[in-house]
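Here's the letter readout for the chains.
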Amino acid sequence: MRIAVVGTGYVGLVTGACLAEFGMFVTCVDIDEKKIEMLNRGEIPIYEPGLDVIVEKNSKAGRLRFTTDIEEAVKNNLVIFIAVGTPPKEDGSADLTYVENVAKNIANYMNGYKVIVNKSTVPVGTGQKVKKIIRNIVGEKYKFDVVSNPEFLREGAAVNDFMRPDRIVIGAESDEAVAIMKDIYSAHYLGEAPFVVTNIETAEMIKYASNAFLALKITFINEVANLCDLVGADVHKVAKAMGMDGRISPKFLHPGPGYGGSCFPKDTLALCNIAKEHGYQFKVVEAAIDVNEKQKLRMVDKIMGLLGVEKKGGSLDGKVISILGLAFKPNTDDMRESPAIVIINELLKYGAKIKVFDPIAMDNAKKIFGDKVEYCTDEYETVHNTDCLAIVTEWNQFRKLDMERIGGLMREKNLADLRNIYEPSKMRKLGFNYICVGRSKI
Ligand code: NAD
């Protein structure tokens, strides 16, 4: 099986490397020359646990190659995965420029039957659009199939998720394409892989419905947490008991500063936009988007509250705030739509001086904040001489900090634990003025 993967970002690189790991011959293509040069030097442009090992192993074995030459990739491979970005446009709809450009490239270099697999998250109808673009260029000269095969991997656990998916969704219009897709993925399983085979539109919808539902679930528990803070309840116990109900499940019931990342924010917006285009208002998802934006700002209110500063007309001049965690979640360097960005920018607006540290995302942070914040090399340097510590991402290494030492280094012992990783009573005993999300009054 010879496969090309176009786009070597989080999804494309993981897909390419994992398919090669299963013995397939994979050519990964990107227009970003620097990225391809890095990959050819054996360097991984993103942080994703375990990815370096399989990239190195399969590159050495000759099963995984990196190139900017899409012509060669299209001509020499039967199956071409599209895994380029689909960022949001200003109106919230998905920008399909990259997908359309790849479709045109594929059509221009087609030399026989091809299966074009859309792995990017794309609005319902995009598969048909890709088909039309290719058909307009190649006419009836070549037979081809367009398949929708949405990806559900989680950054930080992407290799494992790709190797052991909960389900593999295949949206296709021909038996031949379905058979080829099943052949590719059957390598994952000794028994029957958990396939959902359907039409292209349904497959495209499954991805948006899944991501929007998870975004709703996070937002729901965040609202429960906000109310817990007001009534003196403990959101951890609420979430635990809720999660024991098989109909609910315990996953995605962790309150915090709001969801971020490259998927939930853009996919919820895109879903609302798809609905709007069809004359339908997707009210619950619209509400989740609104609540999520407010949740990030609510964290700023909490921090200012800790420092005794009114938001209206108040100022954080002279205050120094340390931030631990910048990536949108642990185990990734991805800062796209990270709540840390909103929180830090807002605190800067109020005149605070900000010191930051993240175990992996510092290079990306520098691109976002430039010289507006001070970059530190570890947790203890970060909190030194600060008036408040805000924990924004729950990296494991932040979970067992020497809090006595932390308190001793700080100018004022204010702790905003925005991921609820510390026990409120213990922190108060250590003399911290402590708040978290949904357990602040217990
Ligand atoms: P990314 O931005 O990390 O990578 C996209 C890559 O595509 C970039 O390297 C870019 O240079 C390349 N590219 C753009 N145009 C190209 C072209 N014409 N030819 C070749 N390469 C080109 O994106 P990502 O996070 O990997 O996401 C890709 C898609 O997968 C998106 O639609 C996203 O919504 C979806 N998705 C992402 C995740 C995730 O966790 N990141 C999970 C599931 C699905």
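This text goes with the structure placed above it.
Residues numbered from 1 in each chain as written. Predicted model: local features only at pLDDT ≥ 70, side-chain atom pairs only at ≥ 80, totals over all residues. Heavy atoms only, no water.

**What to know about the pattern of salt bridges**
Taken as a whole and assessed by the stated rule, the structure comprises 25 salt bridges. Where Lys75 meets Glu71, a salt bridge forms, and the shortest distance between an N and an O atom there is 2.7 Å. Of this pair, Lys75 and Glu71 both sit in helix 4 (residues 70–76), four residues apart, which is roughly one turn of that helix. Taking the relative accessible area as the measure of exposure, Glu71 reaches 32% and is therefore partly exposed. One salt-bridge network, in which partners are shared between bridges, spans Glu155, Asp334 and Arg336. (Salt bridge = Lys/Arg side-chain N within 4 Å of Asp/Glu carboxyl O. Helix = DSSP H or I, 4+ residues; strand = E, 2+ residues; numbered from the N terminus. Buried < 20%, exposed > 50% of the residue type's maximum accessible area, 1.4 Å probe, protein only.)

**Let's talk about the sheet that holds strand 14 (residues 433–435)**
Strand order across the open sheet formed by six strands is 11-10-9-12-13-14, with parallel pairing between neighbours. Each having just a single partner strand, strand 11 (374–375) and strand 14 make up the two edges of the open sheet. When strand 13 (residues 414–417) meets strand 14, the two strands line up parallel, connected through three bridges. Paired with Ala416 across the two strands is Ile435, which belongs to strand 14. (Pairing = 2+ DSSP bridges.)

**Examining helix 13 (residues 339–349)**
Considered for burial, the residues of helix 13 that qualify are Pro339, Ala340, Ile341, Ile343, Ile344, Glu346 and Leu347. On its buried face, helix 13 is in contact with helix 12 (283–306), strand 9 (320–324), strand 10 (353–357) and helix 14 (362–369). Looking at the residues trailing helix 13, positive phi occurs at Gly351, about 95°. (Contact = heavy atoms within 4.5 Å.)

**Observations concerning a nonpolar patch on the surface**
Nonpolar side chains collect at one region of the surface, where Leu227, Leu230 and Val231 lie side by side and expose about 320 Å² of accessible area between them. Along the chain, Val231 turns up in helix 9 (residues 200–231). Note on Val231: relative accessible area 58%, which makes it exposed. (Patch = residues over 30% accessible without salt bridge, like charges linked within 9 Å, V, L, I, M, F, W, Y side chains within 5 Å. Areas by Shrake-Rupley, 256 points an atom, 1.4 Å probe, with all protein chains shown as cover.)

**Some remarks on the environment of Arg41**
Mapped onto the elements of the fold, Arg41 is located in the loop between helix 2 (33–40) and helix 3 (51–60). Overall, Arg41 belongs to the exposed group, its relative accessible area being 52%. Each C-alpha atom of the pair Arg41 and Thr97 lies 29 Å from the other, and the pair is 56 residues apart in sequence.

**Thoughts on the layout of surface pockets**
Rolled over the atoms, a probe as big as a water molecule pinpoints where empty space is left. The computed volume of the second largest pocket comes to approximately 250 Å³. In terms of lining residues, the second largest pocket is bounded by 17 residues, among which Ala94, Leu96, Pro123, Lys129 and Glu277 are the most central. Elements that contribute at least two residues to the lining of the second largest pocket include exactly helix 5 (97–109), helix 6 (126–138) and helix 11 (264–277). Among the elements that make up the lining of the second largest pocket, the one with the highest residue count is helix 11 (four residues). (1 Å grid on protein atoms, 1.4 Å probe; cavity = no way out; pocket = protein on both sides within 12 Å on 5 of 7 lines; lining within 4 Å. Points joined across faces, edges and corners; volume = space filled by probe spheres on them.)

**What to know about the packing of aromatic side chains**
Under the counting rule described, the total for this entry stands at five aromatic pairs. Plain terms: the ring middles of Phe162 and Tyr185 are 6.2 Å apart, the flat faces sit at 45° to each other, and that makes the pair tilted. Residue Phe162 is found in helix 7 (residues 158–163), and its partner Tyr185 is found in helix 8 (residues 175–186); the two are separated by 23 residues along the sequence. For the pair formed by Phe162 and Tyr185, the shared burial category is buried. Pairwise contacts between aromatic rings join Phe252, Tyr259 and Phe264 into one cluster. Note that Arg405 overlies the ring of Tyr380, its terminal NZ or CZ placed 3.9 Å from the centroid. If you follow Lys413 out to its NZ or CZ, it ends over the ring of Phe432, 5.3 Å from the centre. (Phe/Tyr/Trp six-rings, centres within 6.5 Å; stacked < 30°, edge-to-face > 60°. Lys NZ or Arg CZ within 6 Å of the ring centre and 35° of its normal.)

**Notes on the site of the ligand**
Asp30, Lys35, Thr86, Glu155 and Lys266 are the nearest of the 25 residues found near the ligand. Backbone polar atom of Tyr10 to an oxygen atom of the ligand: 3.0 Å apart, as the coordinates give it. Here Ser262 contributes a side-chain N or O atom positioned 3.4 Å from a nitrogen atom of the ligand. Contact with the protein chains removes 90% of the 830 Å² of surface that the ligand exposes when unbound. Mapped by element, the contributors of at least two residues to the shell around the ligand are helix 1 (10–21) and helix 5. (Near = heavy atom within 4 Å. Polar contact = N/O pair within 3.5 Å; in protein donor to acceptor, adjacent residues only side chain to side chain.)

**Examining helix 1**
Taking 1.5 Å of rise per residue, the twelve residues of helix 1 would be expected to cover 16 Å, and the 16 Å separating its terminal C-alpha atoms lies within 8% of that figure. Across the twelve residues that make up helix 1, a large majority, ten, are buried. Three or more residues of helix 1 are buried, namely Tyr10, Gly12, Leu13, Val14, Thr15, Gly16, Ala17, Cys18, Leu19 and Ala20. Just downstream of helix 1 lies Gly23, where phi reads positive at about 100°. (Expected span 1.5 Å × (residues − 1).)

Any link to function would need more than the numbers given here.
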